[in-house]
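Here is what each chain is made of, one letter per residue.
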Amino acid sequence: MSPSNHDSTASFGHGDTSVSCLKPENGFVDFLSLVHSEKAVEELLQQTPVEGMDEHLIEFSEALRTVAKALRRAAEGKASAQAEAAEWKRRYELEKTRNIQMERKAQIAEQDGNIDCGRVKNSDKQLMQQNEPDKIFDECCMKHGICSHEVLRDRGSDSSSNVDRSKMMRKASFKLSWWCKGENGDQHKHDIVSFEKGNITTAERSSKQISLKWESDPQTVLILTKPNSVSVQILCAQMVRWLKEKKKLNIYVEPRVRAELLTESSDFNYVQTWKDDQEILLLHTKVDLVITLGGDGTVLWAASMFKGPVPPIVPFSLGSLGFMTPFHSEHFKECLDSVLRGPVNITLRHRLLCRVIRDAAKNEYETEEPILVLNEVTIDRGISSYLTNLECYCDNSFVTCVQGDGLILSTTSGSTAYSLAAGGSMVHPQVPGILFTPICPHSLSFRPLILPEHVTLRIVVPFNSRSPAWASFDGKDRKQLAAGDALLCSMAPCPVPTACQVDSTNDFLSSIHDGLHWNLRKTQSFDGPRELQDIIQI
């Protein structure tokens, strides 16, 4: 046996010794043992030479790396479970103590003769008996948050008969609180819950149309145009001139557009632009309204320019389909006059916040620059001839393993784009959710999913994948995902508000009718009975 093999065997023996100390205790693996085992596997991987190895040893080293990651995840999971168990135990002790105090107060009240437990009559003593527990729970509500309680009477008994105290039922109390990952987390909740006697109703959110009303007149607009289009250039010049002369607005355009306008006439020297990316980051502090002249791609470009809050966008249709561009350029004066005057209905289009975590990263916050997408993020196999192999997790819960051409994580605004072509559903853009759509899966039972807005999806390329994967964000910024790399995807806090021609539902239905000719067919002929006169004519 070669010296390298002796070293490998020695290293493995050391690693096996560390692994052997993983003795279960109360159904769990000791946390320190897991850490030592992971270190042993890492030392083994560092000491084992790569050169001169055959394919079996390479596969064995990859398997050990996978085991190390599994050990680390198990340790983190145990620590989280222990913390959660301690919290539940603390709550149980508090509730137990509170119940004991209530029982003692009830016994003292009985001894003093203040409450008659044998009879329940319409008397002052009965009111004291009913109101005493409510007073205790009201104090609990003020100290610990939102609680629910209600005294229920056994209605099966006669009011004039003796009612035992044991027949009085109390509704269980509970408290509602929003769940959040912390300061570094990306989960946000802004909804209000209406709460009364245990009946929970959610606040009205996307179920009603959202309207925007200006508190002060807009002063600055940004115009973004589709490039290489003569008709768009002519319309842009007309719109800029009208906004400046009639509405007295400050106008921002892209450097390319400003050069085109100055080439046409030097009178457009009042048009402003930016010089570098740093000024682009500050546009949301200057611009009140964004106007796009083009198709859906121009709207995507406008949204990508704003990494945080996005001003309201007025999209004019100068493209092919136009799912997000309800306004027509022929009537731009009337449309803009109505929008600037307000109020105007808007559609809040949610965006996805995507982060790429490399295998060398030490934690989930050591990521690359986050990317915002308005339509979808696509993970595919690229130029490889092998099937894509992706492990998918939803809030640390395993979802599935994707084997096929790839996976699409889409917003509801992007449901009519790539996700629809891959077999996904069309979803109203104001429905908060994330579409989980496979691309040509190698399984007949793999169907698309729609997940809630607050989840975080993690897509991992496993170490046994035969080839890397590629991720693209709204069709650009393509990145390679090697074995061990992961993609985190969650809902971004700042949506993209787009103006509606009528309202969000009417505009959505009009777009799928006009753009996709959805459910368009000839009407079935009617072969019912005819009148006698028609029969005679025949």
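Residues numbered from 1 in each chain as written. Predicted model: local features only at pLDDT ≥ 70, side-chain atom pairs only at ≥ 80, totals over all residues. Heavy atoms only, no water.

The protein chain is annotated in an unreviewed UniProt entry as NAD(+) kinase of Gossypium stocksii. Per its UniProt entry, the protein chain bears the Catalytic activity (unreviewed entry) comment "NAD(+) + ATP = ADP + NADP(+) + H(+)". Recorded in UniProt for the protein chain, the comment headed Sequence similarities (unreviewed entry) runs: "Belongs to the NAD kinase family." (UniProt positions renumbered as here; feature names shortened; annotations may be inferred.)

Here we take up the confidence of the model for the protein chain. Mean pLDDT over the protein chain stands at 77; residues scoring 70 or higher make up 69%. For the stretch residues 1-29, pLDDT sits under 50, and the model shows 27 contacts to residues farther than four places along the chain or on other chains. Across residues 133-163, where pLDDT falls below 50, the model places 55 contacts with residues more than four positions away in sequence or in other chains. (pLDDT = per-residue confidence, 0-100. Contact = heavy atoms within 4.5 Å.)

Further remarks concern the packing of helix α5 (residues 230-245) against helix α9 (residues 332-341). Two elements in contact, α5 and α9, have axes whose closest approach is 11 Å; the angle formed by their N-to-C orientations is 45 degrees. One way to sum up the angle between α5 and α9 is to call them oblique. Viewed along their axes, α5 and α9 form a crossing whose handedness is right-handed. Listed contacts from α9 to Leu235, Gln238, Met239, Trp242 and Leu243 of α5 are Phe332, Lys333, Leu336, Asp337 and Leu340. When its residues are assigned to classes, the contact of α5 with α9 shows seven nonpolar, one polar and two charged. (Axes fitted to C-alpha atoms, helices over the stretch in contact; angles between N-to-C directions. Helix = DSSP H or I, 4+ residues; strand = E, 2+ residues; numbered from the N terminus. Parallel < 35°, antiparallel > 145°, perpendicular 65-115°, else oblique. Left-handed = near helix turned anticlockwise from the far one by under 90°. Nonpolar A, V, L, I, M, F, W, Y, C, P; charged D, E, K, R; others polar.)

Across the five residues that make up strand β16 (residues 376-380), a large majority, five, are buried. Burial of the side chains of β16 extends over both faces: Glu376, Thr378 and Asp380 are buried on one face and Val377 and Ile379 on the other. Alignment of β16 against strand β18 (residues 397-410), held across five bridges, turns out to be antiparallel. Across the sheet, residue Val377 finds its bridge partner in β18, namely Leu409. Across four bridges, β16 lies against strand β22 (residues 469-473) in antiparallel orientation. What sits directly across from Thr378, in β22, is Ser472. (Buried < 20%, exposed > 50% of the residue type's maximum accessible area, 1.4 Å probe, protein only. Pairing = 2+ DSSP bridges.)

The next subject is the pattern of salt bridges. Inspection of every chain in the model, using the stated rule, returns 10 salt bridges. Its salt-bridge partner being Arg256, residue Glu254 comes within 3.3 Å of it at the nearest N-O pair. Residue class for Glu254 comes out buried when judged on its relative accessible area of 10%. The exposure class assigned to Arg256 is partly exposed, which follows from its relative accessible area of 30%. A cluster of three or more residues bridged by salt bridges with shared partners is formed by Arg358, Glu368, Lys479 and Asp485. (Salt bridge = Lys/Arg side-chain N within 4 Å of Asp/Glu carboxyl O.)

Residues Ile223, Met239, Leu243, Leu293, Phe316 and Leu336 are the most contacted members of the largest nonpolar core, which totals 32 residues. Elements supplying a minimum of two residues to this core: β8 (220-225), α5, β9 (250-253), α6 (255-264), β10 (289-294), β11 (313-317), α9 and β13 (344-349). Ranked by the residues each element gives to this core, the list is headed by α5, at eight residues. Once you skip the residues sitting within four places of it in the chain, Ile223 turns out to touch Cys236, Met239, Val240, Leu243, Ile251, Tyr252, Val253, Glu254, Ile291 and Leu293. Judged by nonpolar contacts, the second largest core, of 28 residues, contains Cys394, Leu409, Phe436 and Phe473. (Core = buried A, V, L, I, M, F, W, Y, C linked by side-chain atoms within 4.5 Å.)

Bringing the UniProt feature "coiled-coil region" (unreviewed entry) in the protein chain into the picture now. Summarizing the sequence annotation, UniProt attributes the feature "coiled-coil region" (unreviewed entry) to residues 71-98 in the numbering used throughout. Taken end to end, residues 71-98 has its terminal C-alpha atoms 41 Å apart, with 100% of it in helix and 0% in strand.

The final tally for this structure, using the stated rule, is five aromatic pairs. Pairing Phe316 with Phe327 gives two aromatic rings, centres 5.8 Å apart and planes at 45 degrees, and the pair type is tilted. Placement of Phe316 in strand β11 and of Phe327 in strand β12 (residues 327-328) is noted, with a sequence separation of 11 residues between them. Accessibility assignment for this pair places Phe316 and Phe327 in one class, buried. (Phe/Tyr/Trp six-rings, centres within 6.5 Å; stacked < 30°, edge-to-face > 60°.)

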